[in-house]
Structure formats: structure tokens, C-alpha cells
Amino acid sequence: ATTLAAAAQQSGRYFGTAVAANRLSDSTYVGILNREFDMVTAENEMKMDATEPAQNRFNYGNADRIVNHARGQGKRIRGHALAWHSQQPAWMQSMSGTTLRNAMLNHVTQVATYYRGKIYAWDVVNEAFADGSSGARRDSNLQRTGNDWIEAAFRAARAADPGAKLCYNDYNTDDWTHAKTQAVYRMVQDFKSRGVPIDCVGLQSHFNNNSPVPSNYQTTLQNFANLGVDVQITELDIEGSGSTQAQNYQRVTQACLNVARCTGITVWGIRDTDSWRASGTPLLFDGNGNKKAAYNSTLAALNAA
Ligand code: G3I
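The name that an unreviewed UniProt entry assigns to the protein is Beta-xylanase, with the source organism given as Lentzea jiangxiensis. In its Sequence similarities (unreviewed entry) section, the UniProt entry covering the protein states "Belongs to the glycosyl hydrolase 10 (cellulase F) family." Quoted verbatim from the Catalytic activity (unreviewed entry) field of the UniProt record, the comment on the protein reads "Endohydrolysis of (1->4)-beta-D-xylosidic linkages in xylans."

Here is the structure:
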């Protein structure tokens, strides 16, 4: 196959990208998007601040621009994200206690209901665990509403859109030995044992020199899958260039291909100039939209599966 999406489909997987609504008028960007990818994540437009700027007044304008473009092109959509400590609207940031818990659950219910039937998988909760060696939950206004806020969000999402896969999504959960990885693993294990609805774990997989692709990355994917959930690589980018970067992309792609329940890979942007990273060249296309060595190695790995 000659595109990432077609190559991934050969093994029943998808290959996606994050999309920014304000780039849908860029013909080079849209050309690559339409050609190469079959799954789309809104980079910012489905977040809480974007979709509920004032309490109970929902705004889906930019999110719908992305959803309509993707669906018009026959692409599926990962929803990102229903509940997160970051990118909350101002009105929510100052809330606490039962008021905040109910506002969060209302947000989950309203947004998941609005998009019911259109979302392949939702990142129901994003980045709820702390960095470092504690293995603890991240302190946040949502966490302070009670430790059960995550399962409450998943239950509300299931009720609102029973057809969407429900994912927990986080970063720095790639190395199997990290306390954060272990803590997320134990939460998923607990949810499965108690019947809390969860279908998938998203590994964001933002890699750079400080956080390289770990040697045990495939082990991490497999261990999560062994809990009875799908795993997805949800926000892949890898700093670097040339053959080193190409090898790293190949390794990540191969790790997913080696795990039956790794259902797809999403890169966090199209061209290097579209990346959230202020500088650097972490993506598969250069600023002119040309395929990089990392593109070729990723495509080759998918085609060899
Ligand atoms: O749209 C405004 C613009 O009007 C304003 O002039 C400008 C000035 O700062 O800001 C623009 O908004 C920015 C927005 O991106 C759109 O470009 C925000 O400041 C900026 O904070 C926001 O950054 C996003 C970041 O999440 C916020 O947390 C990145 O684009 C987005 O790629 C990034 O994505 C996250 C995932 O959601 C979760 N995992 C990590 C990943 C990378 O940080």
C-alpha cells in the first residue's frame, strides 16, 4: 500500500492524525490529511474550554468543522477529551466539590450525547495521574471531588454513547517500569474487576531526548492489552531527524503491530510546522509537506505486517 491508512488497514488497524480546525483552509495540509490518514483527533476543538465556554452553553462550531470534514472523507474520529484538569473553561476552574463534580458529569453527558454514534473512541479522562515516582493521582480540582471521579466520568460516557470505545489517555506511561505506568495499569485492572466501563488505554507517546522510546514499550502495550482492553497510540511524535528518527518511528509502529489489541496509531500533527512543540521536527512530513525518512520507515513497517 502507498499510504499510511491503506497500509495500516492491511492488518485491520487505523493510522490517524491530530487536526486543527484553523488549518482546514491550507490546501497542502488538507491534501496530505485526505490522502494519508483514516482517523482524526481534534487537536484542541473538543476540549472542555472549546465545547462549553460558558456553563451549559455548548459550542461545537470548530469541532464540527473537523468532524464534518473527516466524515465527509470517510474517516473515523477519536474524541479528545471529555474530562481533564487542563484546558478547562474559566467558570469550571474556580469550581469545587459537588458543584464541580456535577458540572463535569453534565459536560461528559452533553458532549458525548451530541456526538453519539460519530465517535470511534473517546478519551474520557486525560492525564489524571501524577508524574514522578509516587504513582498517585494528579492533584487537581477534579481529583479533589473524590477519587471516584474517573469511574463516574466513564459511567456517564457509556450511558451517553454506548457505541463509543471509552479510553483512559495519558503521557509518560510508555515505560513499563515507571510508577505512573504501573498506577494506570492498576486502575484499569481495578475497573475491569469491578465492571467499570473501560475499553481502551491511550498511550500518548510524546518522545524526545529526555523521554526516549523505552526498550520495553511493546511490553507495556501487551501488558495493558492483557487486561482485556484495546491499546492505542494516541499522540505520537518523536523528536529527531534522519535515520535515528526513522528507526524510532519504525520501532513504535512495529511494537503496535506485534500486539494484537493495539488497534491503531495517531500522530500528533501532520507537518513539523503543525506540531505543538515550539521548535523541532517530530512528525512525518516536513514543513513543505514532503515525506520524511520517518514516513518511509513507518509505511514500510506497516506494509511488512
Ligand atoms: O487559539 C489561541 C490563539 O487565539 C491565541 O492567540 C494563542 C496565544 O497563546 O493561543 C491559541 O491557543 C493555543 C492553542 O494551543 C491553539 O494553538 C493555546 O494557547 C495553547 O495552549 C494550545 O496548546 C495545545 C495544548 O494541548 C494545550 O494543553 C496544543 O495545541 C495541543 O497540541 C496540546 O495537545 C496536548 C493534548 O491535548 C494532551 N496531551 C499532550 C498534548 C501536547 O501538549
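Draft legend 1. Fine view of the layout of surface pockets. Here the largest pocket is characterised by a volume of approximately 360 Å³. As for the largest pocket, its lining consists of 18 residues, of which Glu127, Gln204, His206, Glu235 and Trp276 are closest to the centre. Here the lining of the largest pocket is built from residues that sort into four nonpolar, eight polar and six charged.

Draft legend 2. A look at the pairing of strand 6 (residues 200–203). Burial along strand 6 is two-sided: Cys200 and Gly202 facing one way and Val201 and Leu203 facing the other are all buried. Both strand 5 (residues 165–170) and strand 6 contribute to a ladder of four bridges, which runs parallel. By the bridge assignment, cysteine 167 is partnered in strand 6 with cysteine 200. Considered for its hand, the β-α-β crossover made up of strand 5, helix 8 (residues 179–194) and strand 6 is right-handed. Judged from the four bridges that link them, strand 6 and strand 8 (residues 230–238) form a sheet pairing that is parallel. When the bridges of strand 8 are listed, valine 201 appears paired with valine 231.

Draft legend 3. Summary view of the state of the cysteines. Per the stated rule, a full pass over the model turns up two disulfides. Here cysteine 167 connects covalently by a disulfide to cysteine 200, the sulfurs 2.0 Å from one another. Across the S-S bond linking cysteine 167 and cysteine 200, the dihedral sits near -90°, which makes this disulfide left-handed. Placement of the pair is cysteine 167 in strand 5 and cysteine 200 in strand 6, with a sequence separation of 33 residues. Each member of the pair, cysteine 167 as well as cysteine 200, is classed as buried. Shown here is the disulfide that connects cysteine 256 with cysteine 262, its sulfur atoms set 2.1 Å apart. Handedness here is read from the sign of the S-S torsion; for cysteine 256 and cysteine 262, about -100°, the answer is left-handed. Look at the protein and number its bonded cysteines as they come in the sequence; the links are 1-2, 3-4.

Scoring rules and cut-offs
- Residues numbered from 1 in each chain as written.
- Predicted model: local features only at pLDDT ≥ 70, side-chain atom pairs only at ≥ 80, totals over all residues.
- Heavy atoms only, no water.
- UniProt positions renumbered as here; feature names shortened; annotations may be inferred.
- 1 Å grid on protein atoms, 1.4 Å probe; cavity = no way out; pocket = protein on both sides within 12 Å on 5 of 7 lines; lining within 4 Å.
- Points joined across faces, edges and corners; volume = space filled by probe spheres on them.
- Nonpolar A, V, L, I, M, F, W, Y, C, P; charged D, E, K, R; others polar.
- Buried < 20%, exposed > 50% of the residue type's maximum accessible area, 1.4 Å probe, protein only.
- Helix = DSSP H or I, 4+ residues; strand = E, 2+ residues; numbered from the N terminus.
- Pairing = 2+ DSSP bridges.
- Right-handed = clockwise from strand over helix to strand, strands pointing away.
- Disulfide = S-S within 2.5 Å.

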